[in-house]
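# Residue-level structure breakdown
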Amino acid sequence: MKVCKFGGSSVADDVQVAKICDIIAADPARRIVVVSAPGKRNKQDTKVTDLLIACAAQCLEQKDAQELLDAIIERYAVIYRGLGLDKNPETQGVLDEIRADLTGRVARAGQIDAARFMDAMKAAGEDNSARIVAAALRARGMRAVYKHPGQAGLLMSDDFGNAQVLPKSYERLAALASEAEHDIIVFPGFFGVTEAGDIATFPRGGSDITGSILAAAIKAKVYENFTDVDAVYPVDPRLVPEVAAGNGIPEMTYREMRELSYAGFGVFQDEAIIPAVRAAIPINIRNTNHPEAPGTMIVHRRRARQGSVVGIASSAGFCTLYIDKYMMNREIGFGRKLLQILEDEGISYEHMPSGIDNVSVIFREDGFTNEVEGRVRDHIMRDLQPDNLQIERGTALIMIVGEGLYYTPGMAAHATLALFREGISIDMMNQGSSEISMMFGVQSAHRENAVRALYHAFFKD
Ligand code: ASP
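About the cut-offs
Residues numbered from 1 in each chain as written. Predicted model: local features only at pLDDT ≥ 70, side-chain atom pairs only at ≥ 80, totals over all residues. Heavy atoms only, no water. Helix = DSSP H or I, 4+ residues; strand = E, 2+ residues; numbered from the N terminus. Rg over C-alpha atoms; globule rule 2.2 N^0.38 Å. Buried < 20%, exposed > 50% of the residue type's maximum accessible area, 1.4 Å probe, protein only. Contact = heavy atoms within 4.5 Å. Areas by Shrake-Rupley, 256 points an atom, 1.4 Å probe, with all protein chains shown as cover. Lys, Arg positive; Asp, Glu negative; His and termini not counted. Charge placed at Lys NZ, Arg CZ, Asp CG, Glu CD. Salt bridge = Lys/Arg side-chain N within 4 Å of Asp/Glu carboxyl O. Disulfide = S-S within 2.5 Å. Expected span 1.5 Å × (residues − 1). Axes fitted to C-alpha atoms, helices over the stretch in contact; angles between N-to-C directions. Parallel < 35°, antiparallel > 145°, perpendicular 65-115°, else oblique. Left-handed = near helix turned anticlockwise from the far one by under 90°. Nonpolar A, V, L, I, M, F, W, Y, C, P; charged D, E, K, R; others polar. Pairing = 2+ DSSP bridges. Phe/Tyr/Trp six-rings, centres within 6.5 Å; stacked < 30°, edge-to-face > 60°. Lys NZ or Arg CZ within 6 Å of the ring centre and 35° of its normal. Near = heavy atom within 4 Å. Polar contact = N/O pair within 3.5 Å; in protein donor to acceptor, adjacent residues only side chain to side chain.

### Topic: the overall build of the protein chain
Of regular secondary structure, the protein chain possesses 15 helices and 17 strands. Relative to the 2.2 N^0.38 estimate, which gives 23 Å for 461 residues, the radius of gyration of the protein chain is 24 Å and therefore close to what a compact globule would have. Viewed in the frame of its principal axes, the protein chain has a C-alpha envelope of about 80 × 50 × 40 Å. Residues classed as buried in the protein chain amount to 53% of the 461 residues present. Relative to all contacts within the protein chain whose residues are 6 or more apart in sequence, the contacts with residues 24 or more apart total 74%. With an accessible surface of roughly 20,300 Å², the protein chain has 49% of that area assigned to carbon and sulfur atoms. One finds the centroid of the 50 positive side-chain charges in the protein chain at a distance of 4 Å from the centroid of its 61 negative side-chain charges.

Listed below in structure tokens is the structure:
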């Protein structure tokens with residue numbers, strides 16, 4: 001049995017929903033279908049989830065939200081009419097159901113607290129997507145049912161907007177496998193219910209998490225994640241457009257995927273990989289608009305050619321804090337105290353390369369205001385008395401990732417030579433803490449050139 005998840009662009013309108021019905025019909029193993037809320041149909045368009053958030057905010061401010069509500073209903077109406085669901089006695093009622101559902105949610109403004117209300121509104125996007133996709137499958141004569149996550153037992157913590165699945169959910173959700181033998185189950189992504197029965201959502205992009213949880217719970221053969229790209233590319237196609245022409249990564253390991261997502265490879269929701277990894281379910285990233293393409297398979301283990309690089313990821317927007325102190329290596333607790341100062345400010349760090357008398361900490365720049373910086377400087381000077389403290393903004397990180405990289409001589413030389421030839425100076429380098437990646441810190445202004453140079457060095461030369 002396969003679990004398939006379709007992202008927002010795959011349910012954006014009637015043409016896209018027709019494609020996903022074709023995809024489901026083409027493989028009898030596709031029995032559990034997870035859907036996102038309708039996404040953007042074009043660059044100017046707004047995702048239904050964003051419309052819902054705006055609508056909820058209006059309601060919370062006690063402003064008239066009718067226009068937004070109508071715009072949301074219209075997104076489903078386009079699918080409903082476009083697929084002729086209004087003409088089919090089997091599916092005629094579904095738009096009324098969706099309208100009633102949305103109107104009912106809006107009416108709860110003021111009756112429940114703001115966090116619960118916001119999550120109930122956000123969840124409406126995927127919930128109604130699932131209703132309409134189930135109807136579209138039925139209209140084609142397939143046996144398909146909509147399933148509410150609460151009814152299926154997807155239990156969540158009550159961190160509204162940032163909830164986590166409760167471990168006992170897996171056992172309950174496992175029962176879906178036998179149901180899916182006779183009916184295709186259409187399951188909304190992105191939310192579940194708390195033990196008290198409130199709707200709670202995962203972080204944004206969380207429908208991927210739902211798919212991964214269901215795949216793990218029913219021990220699926222594969223978790224197919226349909227999106228709008230043919231594969232995961234070895235490098236961001238916006239930086240190297242030529243990679244989009246059929247040079248996707250055929251297979252990569254979970255570890256490689258994680259290292260790549262870590263530095264800004266936005267194909268798959270970060271947290272989503274965890275349930276599938278724990279249950280060793282392969283993840284197949286595929287394209288709804290090009291279903292014959294095999295996509296990228298993300299697996300537990302693979303045979304990697306020595307020294308082969310699977311991808312290069314990069315991300316700007318980091319800060320580097322450098323500290324020098326003579327005899328730092330003898331001072332027990334120095335690292336802990338430094339990290340405590342950052343922790344007290346709610347700063348989570350990404351890397352921490354160190355030398356005998358110095359240490360750098362790299363963390364994300366957003367949220368690190370001048371005010372926070374001032375406090376961090378004061379605390380470090382007072383508690384750690386360094387010889388030198390420097391904080392630099394505008395660092396970009398570049399990750400070169402591949403299983404077996406670590407054991408192959410000459411990889412770092414190859415990378416540094418490529419950067420040297422472009423005249424890019426390396427502010428920092430980290431190899432060894434991860435066996436499968438090499439990290440370089442460069443100034444943000446050099447990020448794009450650096451990625452291009454490294455792509456050419458590892459994939460072309
Ligand atoms: N619709 C939600 C979002 O836009 C979740 C998802 O699409 O995965 O974040």
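### Re the pattern of salt bridges
Within this structure, the stated rule accounts for 39 salt bridges. Measuring nitrogen to oxygen at the nearest pair gives 3.8 Å for the salt bridge that ties Glu 224 to Lys 2. One end of the pair, Glu 224, is in strand 8 (residues 222-227); the other, Lys 2, is in strand 1 (residues 2-6), and 222 residues separate them in sequence. Each member of the pair, Glu 224 as well as Lys 2, is classed as buried. Note that Lys 122 is salt-bridged to Asp 119, the shortest N-O span being 3.7 Å. Of this pair, Lys 122 and Asp 119 both sit in helix 5 (residues 114-139), three residues apart, which is roughly one turn of that helix. Residue classification places Lys 122 among the buried positions, given a relative accessible area of 10%. Put simply, Lys 2, Asp 27, Arg 30, Glu 224 and Arg 286 are held in one network by salt bridges that share partners.

### Notes on the state of the cysteines
Under the definition given, this model contains zero disulfides. Cysteine Cys 59 is unpaired, with the sulfur of Cys 55 as its nearest cysteine sulfur at 4.5 Å. You can call Cys 59 buried: its relative accessible area is 10%.

### What about helix 3 (residues 66-82)?
An α-helical segment advances 3.6 residues per turn. Residues three or four places apart therefore align on the same side. Spanning 17 residues, helix 3 covers 24 Å between terminal C-alpha atoms, matching the ideal 24 Å at 1.5 Å per step. If you follow the buried residues of helix 3, they end up packed against helix 1 (14-26), helix 2 (48-60), helix 4 (94-106) and helix 5. Count one or two residues on from helix 3 and you reach Gly 84, which has phi positive near 70°.

### A look at the packing of helix 1 against helix 5
For the pair helix 1 and helix 5, the least separation of the axes is 10 Å and the interaxial angle reads 60°. Here helix 5 runs oblique to helix 1, going by the angle between their axes. Seen from above, helix 1 lies across helix 5 with right-handed handedness. Across from Val 17, Ile 20, Cys 21 and Ile 24 in helix 1, the residues of helix 5 making contact are Val 133, Ala 136 and Leu 137. Here the residues of the contact of helix 1 with helix 5 sort into seven nonpolar, no polar and no charged.

### Quick look at the sheet that holds strand 4 (residues 155-156)
The sheet built from three strands is open, its strands ordered 4-6-7 with mixed pairing. Of all strands in the sheet, those bounded by a partner on one side alone are strand 4 and strand 7 (199-201).

### Digging into the side chain of Ser 308
Structurally, the position occupied by Ser 308 is in the loop between strand 11 (296-299) and strand 12 (311-324). Apart from residues no more than four positions distant in its own chain, Ser 308 is found in contact with Gly 402, Glu 403 and Leu 405.

### Side note on the packing of aromatic side chains
For the coordinates displayed, the defined rule picks out three aromatic pairs. Consider the rings of Phe 363 and Phe 368, whose centres lie 4.9 Å apart with planes at 70°: the pair is edge-to-face. Both residues of the pair, Phe 363 and Phe 368, count as buried. Seen from the ring of Tyr 146, Arg 131 lies directly overhead, with NZ or CZ sitting 4.7 Å from the centre.

### Examining the site of the ligand
Surveying the vicinity of the ligand reveals the residues Ser 36, Lys 47, Thr 49, Glu 126, Phe 190, Arg 204, Gly 205, Gly 206 and Ser 207. Taking Ser 36, its side chain carries an N or O atom lying 3.1 Å from an oxygen atom of the ligand. For the ligand, a nitrogen atom lies 3.2 Å from a polar atom in the side chain of Glu 126. Isolated, the ligand exposes 260 Å² of accessible area, and the fraction of that covered by the protein chains is 93%.

### Points about the packing of helix 2 against helix 3
With their axes 9 Å apart at the nearest point, helix 2 and helix 3 run at an angle of 155° to one another. Here helix 3 runs roughly antiparallel to helix 2, going by the angle between their axes. Considering only the axes of helix 2 and helix 3, their crossing is left-handed. Contacts between helix 2 and helix 3 involve Val 48, Leu 51, Leu 52, Ala 54, Cys 55 and Gln 58 from the first element and Leu 68, Leu 69, Ile 72, Arg 75 and Tyr 76 from the second. Of the residues assigned to the contact of helix 2 with helix 3, the class counts are nine nonpolar, one polar and one charged.

### A word on the environment of Gly 335
Checked against the element boundaries, Gly 335 lands in helix 12 (residues 334-344). Sequence separation between Gly 335 and Ser 354 is 19 residues; the distance between their C-alpha atoms is 9.9 Å.

### Quick notes on helix 15 (residues 447-460)
The terminal C-alpha atoms of helix 15 lie 19 Å apart, and with 14 residues this matches the ideal 20 Å at 1.5 Å per residue to within 8%. Residues of helix 15 that are buried: Arg 447, Ala 450, Val 451, Ala 453, Leu 454, Tyr 455, Ala 457 and Phe 458.

### Regarding unusual backbone geometry
Of note, Ala 280 is a non-glycine position whose phi angle comes to about 55°, a positive value. By secondary structure assignment, the location of Ala 280 is in the loop between helix 11 (273-278) and strand 10 (283-287). Its relative accessible area of 45% is what places Ala 280 among the partly exposed residues.

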